[in-house]
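Summary of structural features
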Amino acid sequence: MSTNGYLLRLFTINSGLASVVSKIIICKLLSKFTTLQYKVKPSSSFVERERVIINRNMRNIRLFMFAACTLLFAACGKQTVKIITPPDASNRILFGAEQLQTTLDKAGYQVVMQQGDTIFSNPDVRTILLTETNDTTLKKEGFQITTVGNLTKVSGRDGSGVIYGCRELIDRVSSSKGKLNLPEKLTDGPEMVLRGACVGLQKMTYLPGHGVYEYPYTPESFPWFYDKEQWIKYLDMLVANRMNSLYLWNGHPFASLVKLKDYPFALEVDEETFKKNEEMFSFLTEEADKRGIFVIQMFYNIILSKPFAEHYGLRTQDRNRPITPLIADYTRKSIAAFIEKYPNVGLLVCLGEAMCTVEDDVEWFTKTIIPGVKDGLQALGRTDEPPLLLRAHD
């Protein structure tokens, strides 16, 4: 057998990273041997000089072979873990799988991702199967983990349940210094329906020309709001702590986020800022959605956008002002446009800051706000209901 053939048989390993590494090293070694074959000429008058070259190249070859073996043994020594997701996996299942893969990679495992075929075909490989189930015994956002042999199943009542099941495995790997300490059977789910954190888009001082609570979304007032990388870190922190809602606190956000056909002059920011707000809020709600997090926009009542109020000769807020058809129509259409444009959102309604009586509060909530939400859902053809929270005080 030729030397080249011997090396090919020695280093051909058909397994993941080891295969790639071996092929790279084989090319280097074959290159060295080719160099030797061209340089060694028995009839040459420079035999002694060529012998020195041969010795030096042989030493280099031994170093290459030592490095090759070291790398191959290291690659082959990694335990393989396969993560399987169904062909129709939701964004939340795929997010859970991605988070689990990252943790296992850092722990030193060789992770193989497989989407589509959910059959457990190789009992010699540690396999984690992620799937949603219609098991009504599980709580909403709940999950069950079972392990039999090398197969661990993470079954979620919904996509969020799968995420929380993955988080359970992530926490176990992290707390056991990288060991696959997977439970034989574990069922869990949240006790509270909504769990979240509040971020205020307000300031400690009034903006020029504005009253209390009136803070349009602009890079000048809230530069951090436009930092995508920071939002990703914050959302990952929320999901790691099993939170499913993010509350953005602002007096009247709609005039910064939507345009109304009937009231185009109500927009409270310039066109460039509006486009930034559209892009940023869409990004935030989409990233939150795949983590199972609702973005719930809070707003005070009744507050009007400054351009809208000036157009009709009104004050932006007036506690003693009765509800009027114009104000109700503007607010209802603002809410509908918001729900239609940003699907994975909810609303936190604060009544009492700028309203006259308890009777007004009830009328405003039932005849303006709720119909606005329903209008937005109808425009989308949705039959589900987003979170609609009421904070009432007077």
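The preceding data block contains the structure.
Everything numeric in this text was worked out from a predicted model, so none of it was measured.

Next up on the list: the overall build of the protein. Broken down by element type, the protein carries eleven helices and eleven strands. Counting across all 394 residues of the protein, residues that qualify as buried make up 45%. Considering only intrachain contacts with a sequence separation of at least 6, the fraction spanning at least 24 residues in the protein is 72%.

Counted under the stated rule, the structure contains 19 salt bridges. Taking the shortest distance from any N to any O, the salt bridge between E168 and R172 comes out at 2.8 Å. Residue E168 and its partner R172 are both found in helix α5 (residues 159–175); the two are separated by four residues, about one turn of the helix. Overall, E168 belongs to the buried group, its relative accessible area being 17%. Within the structure, one salt-bridge network assembled from shared partners comprises D236, E287, K290 and R291.

F225, L246, L248, F281, F338 and L347 are the most contacted members of the largest nonpolar core, which has 51 residues in total. For this core, the leading source of residues is helix α10 (residues 325–341), giving seven residues. Setting aside its immediate chain neighbours within four residues, F225 contacts L201, Y217, W231, M280, F281 and L284. Within the second largest apolar cluster, 25 residues are counted, among which are V81, Y109, L169 and L180.

Pairing geometry for strand β1 (residues 80–85) and strand β2 (residues 110–115), over six bridges, is parallel. Across the sheet, the residue bridging to I83 is M113, located in β2. Remark: the β1/helix α4 (residues 91–106)/β2 crossover connection has right-handed handedness.

Cut-off values and rules
Residues numbered from 1 in each chain as written. Predicted model: local features only at pLDDT ≥ 70, side-chain atom pairs only at ≥ 80, totals over all residues. Heavy atoms only, no water. Helix = DSSP H or I, 4+ residues; strand = E, 2+ residues; numbered from the N terminus. Buried < 20%, exposed > 50% of the residue type's maximum accessible area, 1.4 Å probe, protein only. Contact = heavy atoms within 4.5 Å. Salt bridge = Lys/Arg side-chain N within 4 Å of Asp/Glu carboxyl O. Core = buried A, V, L, I, M, F, W, Y, C linked by side-chain atoms within 4.5 Å. Pairing = 2+ DSSP bridges. Right-handed = clockwise from strand over helix to strand, strands pointing away.

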